[in-house]
Number of protein chains: 2
Amino acid sequence: MAVQHFFTTLFFSLFIASLSSSFQPLALSSSPFNHPPRFPTTTNHPRSQARPNEAQAPDYRYETRYFTQQLDHFSFLELPTFQQRYLINTEHWVGPQRLGPIFFYCGNEGDIVWFAENTGFLWEIAPQFGAMVVFPEHRYYGESVPYGGREEAYKNATTLSYLTAEQALADFAVLITDLKQNLSATDCPVVLFGGSYGGMLAAWMRLKYPHIAIGALAASAPILQFEDIVPLETFYDIVSSDFKRESSTCFNYIKHSWNEVTSIGQTRNGLVQLSNTFHFCQPLNKTDDLWNWLESAYSYLAMVDYPYSANFMMPLPGHPIKEVCKRIDGQPAGTSLLERIYEGVNVYYNYTGETKCFELDEDPHGLSGWNWQACTEMVMPMSCDPESSMFPPYKFNYSDYEEGCIRNYGVKPRLKWITTEFGGHKIDATLKKFGSNLIFSNGLLDPWSGGSVLQNISESVVALVTEEGAHHLDLRASTQNDPDWLVEQRATEIKLIKGWITEYHQKNKVMFDMF
Amino acid sequence: MAVQHFFTTLFFSLFIASLSSSFQPLALSSSPFNHPPRFPTTTNHPRSQARPNEAQAPDYRYETRYFTQQLDHFSFLELPTFQQRYLINTEHWVGPQRLGPIFFYCGNEGDIVWFAENTGFLWEIAPQFGAMVVFPEHRYYGESVPYGGREEAYKNATTLSYLTAEQALADFAVLITDLKQNLSATDCPVVLFGGSYGGMLAAWMRLKYPHIAIGALAASAPILQFEDIVPLETFYDIVSSDFKRESSTCFNYIKHSWNEVTSIGQTRNGLVQLSNTFHFCQPLNKTDDLWNWLESAYSYLAMVDYPYSANFMMPLPGHPIKEVCKRIDGQPAGTSLLERIYEGVNVYYNYTGETKCFELDEDPHGLSGWNWQACTEMVMPMSCDPESSMFPPYKFNYSDYEEGCIRNYGVKPRLKWITTEFGGHKIDATLKKFGSNLIFSNGLLDPWSGGSVLQNISESVVALVTEEGAHHLDLRASTQNDPDWLVEQRATEIKLIKGWITEYHQKNKVMFDMF
């Protein structure tokens, strides 16, 4: 088994990798990676829909159900409905009389079973809350695909056109409303959870559907990564500083490696030489592919730069960036720059050592769900600063981005739509006035943290920031290796959520104390 | 000119009348009017698009502009855009440096010019606020029609499918965002206004787009007239009690007239007899038409039961219901019941006395905008109580309603969608927690008031209720005949809006006092 496939395609599937493979190379002299910025996501490769680590999959019990959804909630066009899959567990639920809470995970861009298995926090805390657990799948992902199946649904821009965040939120709202009614639980409080894009959905849902849910834990949710709300260099600057803090030598090796790749690639047999250095099974077609492969590794490592050995998507040591840099820095004198780089990224792509050679990831389908979303609503502009970043300098260019989307997907991105619909500019003022019962949790090592809310907005709109945290570690199951700050972070989250529910119960005159 | 056409088709165009004429008669033994409940609206008859009272049209100055809108904001289907018309006046605007406010009227179901001319309050107060005035037209009404024109846009359920409230709100959000950007006025506070359905849009917009507008005056906005949030009998009970309070004799005459109509209609030549009694130009085809005609008059009279002679849509005396009842009660002994009724409704249909005979309103197009909205999202169930109402007993029946919509429009109403999307059940809790800077103004004579918010929710979500008020009189231009309570109501509205803007200015550190 080519383990590196596993690495690159699951979970934070590298938007770069998948999008760049479906994109025709754009003639962007200024772009280092020939792609729009990535976003954490499971890929939409058929193989990503299978569960990773089947053998180790946690034993969370649930029933799988399906709910008939409108394809377009906001028009009355005659369209086929589709079946939205959701996982549900009511065994700890104290029921409607006691206003038992409903914990609702806002499914994001991938198979919901995988998210359920990787959101242990929710399963672990449900019993102490007497809560029902619901994991609905996001439309167009996993099994919740319209038009009878993935092939048809992903065929073109017309069939994909209903893959939007607003439609997904409306799915959730309709599902919750129906579920509650069927369970005679209309008065039961709903608490939203979500990580990454799912965290964005949770936060937006709390703002847009305050009548549906009483609060939301939005973990690693970069709701401000749009337009120019945060500096465009933020993402790659954080990745870079994650490396720099481990070793400035390492940072510099990486910073210089890009040109080295290009130089060698331009020589006769250069691509073959690069392919050998990096142990690719097939010769590289172009140096861009290697750039993307490397960039993916670094960015992903920053997202999962967890403090202990984890098998989030694949086995990695604790503090993996430290390990990568140790390898890059620690090679004997005389080792070439690119050989050092290879040794480093090998930690990411091949920590088990099982892979003999690497296949470059190719998306056989061309269109994947997140790529579509990135080319329609989820335009997250990013640049690379020539000084602070270890990546090649790059200035985001809207026209080029748009051009690529039109050429590849036949769709024009709506650059300002997300902030028009959900806000973003001056979010503090909006959240202060309108938000409540919202937790934005972030780990500062996570490059997505720069696009999230990192400061307390009000008494009930709270930022939980961990300096040593990475991408929504708090949502994962607890382990014996959890550092104190993580244990504390989760305890604070539990306390805050209990506060929301207690307040709700008091308002609704529940005469008993649940906690 | 047949004046009664003017009466029945403009402004609160009687949904009953227009919908019942396009509906095939439903076989509902329990339904007195064979139609879904009406909603205040200008009709979509071509003639309603002309301005009433051209000669008396107030002289509000504005520029007419057009803005290119997406037909579907929530999908990326390749669809034609359309031109949204909006009226704009910046002559009193103090500009972006002083954070001059933007007064934005949420256009409702009709020609925006007509709404602009009938919303004098906004024009009158703009100068003291240094405010810009914007009146955007609601999609599918007036000139803001997609597909190149009304005929095409109203052709069938497919072309009509994007006529929804959420799309209209998104139009407003996109327009405001663009306008502000073009005027370098991104920091200028937006205050929303709206009456009737427009008031619902204003309230919903304040809730759904808190980042776009700082407050809303929602006049006579029945946002709770959905599902069973308010008793289904509310609307017709208010109409009935408006009559009863003037005269219980009158109330009883009307209450007994329905069966009389039916009895006579069933006799040989009965329809001709009825047509003569009520001075129809053509013989009635069925008694239902007369029922609808009468019901329209009573309901509309309740909405415009203003305290002084007004020419809202047509000339009516002050306290028109008092006048109607005076006529019904005051006929000489021996006058038949239906002759009394005729004399009464003649106040409504023919106050000027110019009409020699009445044409029954027929919608030549079959499909009208509001009828479509009522058959898709805006399902407002209503019943008539056998005791408290002066109307024939009627119990609302969802299946029949749905059946009619499917048969006539090829569309299935989404009965629970509005409350899922915007809330409604337990609105107090939602508004308390999330709402702010919201005024719900209502006159208790208005039958729509029963479906609105009539109690203060919090310090900044305020209900302004006038006992003697009817349908959003507060939004109209002031007159010399305004009673004290109306003058006070408007003064309170001005004070509250000033408070919102002052607070906003303080937060944004505007160093001068505007008021």
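Basis of the calculations
- Residues numbered from 1 in each chain as written.
- Chains lettered and ligands numbered in written order.
- Predicted model: local features only at pLDDT ≥ 70, side-chain atom pairs only at ≥ 80, totals over all residues.
- Heavy atoms only, no water.
- Helix = DSSP H or I, 4+ residues; strand = E, 2+ residues; numbered from the N terminus.
- Buried < 20%, exposed > 50% of the residue type's maximum accessible area, 1.4 Å probe, protein only.
- Contact = heavy atoms within 4.5 Å.
- Areas by Shrake-Rupley, 256 points an atom, 1.4 Å probe, with all protein chains shown as cover.
- Buried area = accessible area lost by both parts, 1.4 Å probe.
- Salt bridge = Lys/Arg side-chain N within 4 Å of Asp/Glu carboxyl O.
- Nonpolar A, V, L, I, M, F, W, Y, C, P; charged D, E, K, R; others polar.
- pLDDT = per-residue confidence, 0-100.
- 1 Å grid on protein atoms, 1.4 Å probe; cavity = no way out; pocket = protein on both sides within 12 Å on 5 of 7 lines; lining within 4 Å.
- Points joined across faces, edges and corners; volume = space filled by probe spheres on them.
- Pairing = 2+ DSSP bridges.
- Axes fitted to C-alpha atoms, helices over the stretch in contact; angles between N-to-C directions.
- Expected span 1.5 Å × (residues − 1).
- Bend = angle between axes of the 7 residues up to and from the residue.
- Least-squares fit on C-alpha atoms with pLDDT ≥ 70 in both.
- Patch = residues over 30% accessible without salt bridge, like charges linked within 9 Å, V, L, I, M, F, W, Y side chains within 5 Å.
- Parallel < 35°, antiparallel > 145°, perpendicular 65-115°, else oblique.
- Left-handed = near helix turned anticlockwise from the far one by under 90°.
- Disulfide = S-S within 2.5 Å.

A word on the overall build of chain A
Here comes step 1: Across its full length, chain A carries 19 helices and 10 strands.
Here comes step 2: Across the 515 residues in chain A, those meeting the buried criterion constitute 64%.
Here comes step 3: Restricting to contacts in chain A with at least 6 residues of sequence separation, those with at least 24 account for 74%.
Here comes step 4: As displayed, chain A offers around 17800 Å² of accessible surface, 49% of which is attributable to carbon and sulfur atoms.

Thoughts on the interface of chain B and chain A
Here comes step 1: The interface of chain B with chain A comprises 49 residues on the first partner and 49 residues on the second.
Here comes step 2: Roughly 4200 Å² is buried in total at the junction of chain B and chain A, and carbon and sulfur atoms are behind 56% of that figure.
Here comes step 3: Sorting the residues of chain B by area buried against chain A places Phe76, Arg414 and Phe434 of chain B first, and these three jointly supply 23% of that buried surface.
Here comes step 4: At the surface where chain B touches chain A, the tally comes to four salt bridges.
Here comes step 5: The shortest N-O distance in the salt bridge between Asp187 of chain B and Lys426 of chain A comes to 2.9 Å.
Here comes step 6: At the level of secondary structure, the elements contributing two or more residues to the side of chain B that touches chain A comprise helix H6 (157-160), helix H7 (165-182), helix H8 (197-208), helix H17 (417-422), helix H18 (427-434) and helix H19 (484-507) of chain B.
Here comes step 7: Of all the elements, H7 of chain B adds the most residues to the side of chain B that touches chain A, at seven residues.
Here comes step 8: For the side of chain B that touches chain A, the residue count by class is 17 nonpolar, 18 polar and 14 charged.

Re the confidence of the model for chain A
Interpreting fine coordinate detail is not advised for predicted regions of low pLDDT.
Residue and element names in this part refer to chain A.
Here comes step 1: Mean pLDDT for chain A: 87, with 86% of residues reaching 70 or above.
Here comes step 2: When the criterion is pLDDT under 50, residues 1-32 qualifies, and its contacts beyond four places in sequence or with other chains add up to 126 contacts.
Here comes step 3: Between residues 39-55, whose pLDDT stays under 50, and residues either more than four places distant or in other chains, the model counts 68 contacts.
Here comes step 4: At the level of chain-chain contacts, confidence expressed as ipTM amounts to 0.88, with global pTM at 0.90.

With respect to empty space enclosed by the protein
Here comes step 1: Following the criterion strictly, the structure yields 16 cavities of 30 Å³ or more and no others.
Here comes step 2: Its boundaries defined by the atoms lining it, the largest cavity holds a volume of some 120 Å³.
Here comes step 3: What lines the largest cavity is a set of 14 residues, and nearest its centre among them are Lys208, Tyr209 and Glu421 of chain A together with Lys208 and Glu421 of chain B.
Here comes step 4: Residue classes in the lining of the largest cavity are distributed as eight nonpolar, no polar and six charged.
Here comes step 5: Roughly 70 Å³ of internal volume is contained in the second largest cavity.
Here comes step 6: If you trace the second largest cavity, you find it lined by Leu207, Lys208, Glu421, Phe422, Ile427 and Thr430 of chain A together with Lys208, Pro210 and His211 of chain B.
Here comes step 7: Those elements that provide at least two residues to the lining of the second largest cavity are helix H8 (197-208), helix H17 (417-422) and helix H18 (427-434) of chain A.
Here comes step 8: Residue composition of the lining of the second largest cavity, by class: four nonpolar, two polar and three charged.

A short note on the sheet that holds strand E3 (residues 102-105) of chain B
Residue and element names in this part refer to chain B.
Here comes step 1: The eight strands are arranged E1-E2-E4-E3-E5-E6-E9-E10 in an open sheet whose pairing can be described as mixed. Both outer strands of the open sheet, strand E1 (63-69) and strand E10 (461-466), are each paired with one neighbouring strand and no more. Ignoring strand direction, the axes of neighbouring strands in this sheet form an average angle of 20°.
Here comes step 2: Taken together, the three bridges between E3 and strand E4 (residues 132-136) define a ladder with parallel strand orientation. If you follow Phe103 over to E4, its bridge partner there is Val133.

As for helix H10 (residues 248-266) of chain B
All names here are of chain B.
Here comes step 1: For H10, with 19 residues, the first-to-last C-alpha span of 28 Å sits near the 27 Å given by 1.5 Å per residue.
Here comes step 2: At Ser257, H10 shows its largest kink, close to 30°.
Here comes step 3: Regarding H10, the residues found buried are Cys250, Phe251, Ile254, Ser257, Trp258, Val261, Ile264 and Gly265.
Here comes step 4: Those residues of H10 that are buried lie in contact with helix H9 (234-246), helix H11 (270-277), helix H12 (287-303), helix H13 (320-329) and helix H14 (337-349).

Concerning the relation of the copies chain B and chain A
Here comes step 1: Mapping chain B onto chain A calls for a screw motion: a turn of 180° about the axis and a shift of 0.0 Å along it, with 0.1 Å RMSD after fitting. Such values leave the two copies arranged in the relation of a two-fold axis.
Here comes step 2: Of the residues that chain B buries at the interface, 100% are likewise interface residues in chain A, meaning the two copies contact each other through the same surface.

Quick word on a nonpolar patch on the surface
Here comes step 1: Nonpolar side chains collect at one region of the surface, where Leu444, Leu454 and Val465 of chain A lie side by side and expose about 190 Å² of accessible area between them.
Here comes step 2: Take Leu444 of chain A: it is sitting in the loop between strand E9 (438-443) and strand E10 (461-466).

A look at the pattern of salt bridges
Here comes step 1: What the rule picks out here adds up to 38 salt bridges over all chains.
Here comes step 2: Between Glu63 of chain A and Arg65 of chain A there is a salt bridge; the shortest N-O distance is 2.9 Å.

Remarks on the packing of helix H12 (residues 287-303) of chain A against helix H14 (residues 337-349) of chain A
Residues and elements named next belong to chain A.
Here comes step 1: Close contact between H12 and H14 brings their axes to 10 Å; oriented N to C, the two are set at 55°. Relative to H14, the element H12 lies oblique. For the pair H12 and H14, the crossing hand works out as left-handed. Contacts between H12 and H14 involve Trp293, Leu294, Ser296, Ala297, Tyr298, Tyr300 and Leu301 on the former and, on the latter, Ile341, Val345, Tyr348 and Tyr349.
Here comes step 2: Among the residues forming the contact of H12 with H14, the class breakdown is 10 nonpolar, one polar and no charged.

Overview of unusual backbone geometry
Here comes step 1: The backbone of His279 of chain A sits at a positive phi, close to 60°, despite the residue not being glycine.
Here comes step 2: Position of His279 of chain A among the secondary structure elements: in the loop between helix H11 (270-277) and H12.

Some thoughts on the state of the cysteines
Here comes step 1: A complete count under the given rule lists six disulfides over all chains for this structure.
Here comes step 2: Cys375 of chain A shares a disulfide with Cys405 of chain A; S-S distance 2.0 Å. For the disulfide bridge between Cys375 of chain A and Cys405 of chain A, the dihedral angle about the S-S bond is near -80°, and by the sign convention the bridge is left-handed. With Cys375 of chain A in the loop between helix H15 (369-374) and helix H16 (398-409) and Cys405 of chain A in helix H16, the pair connects residues that are 30 residues apart, well separated along the chain.
Here comes step 3: We classify Cys375 of chain A as buried; its relative accessible area is 0%.
Here comes step 4: For Cys405 of chain A, a relative accessible area of 0% puts it in the buried group.
Here comes step 5: Paired by a disulfide, Cys281 of chain B and Cys357 of chain B hold their sulfur atoms 2.0 Å apart.

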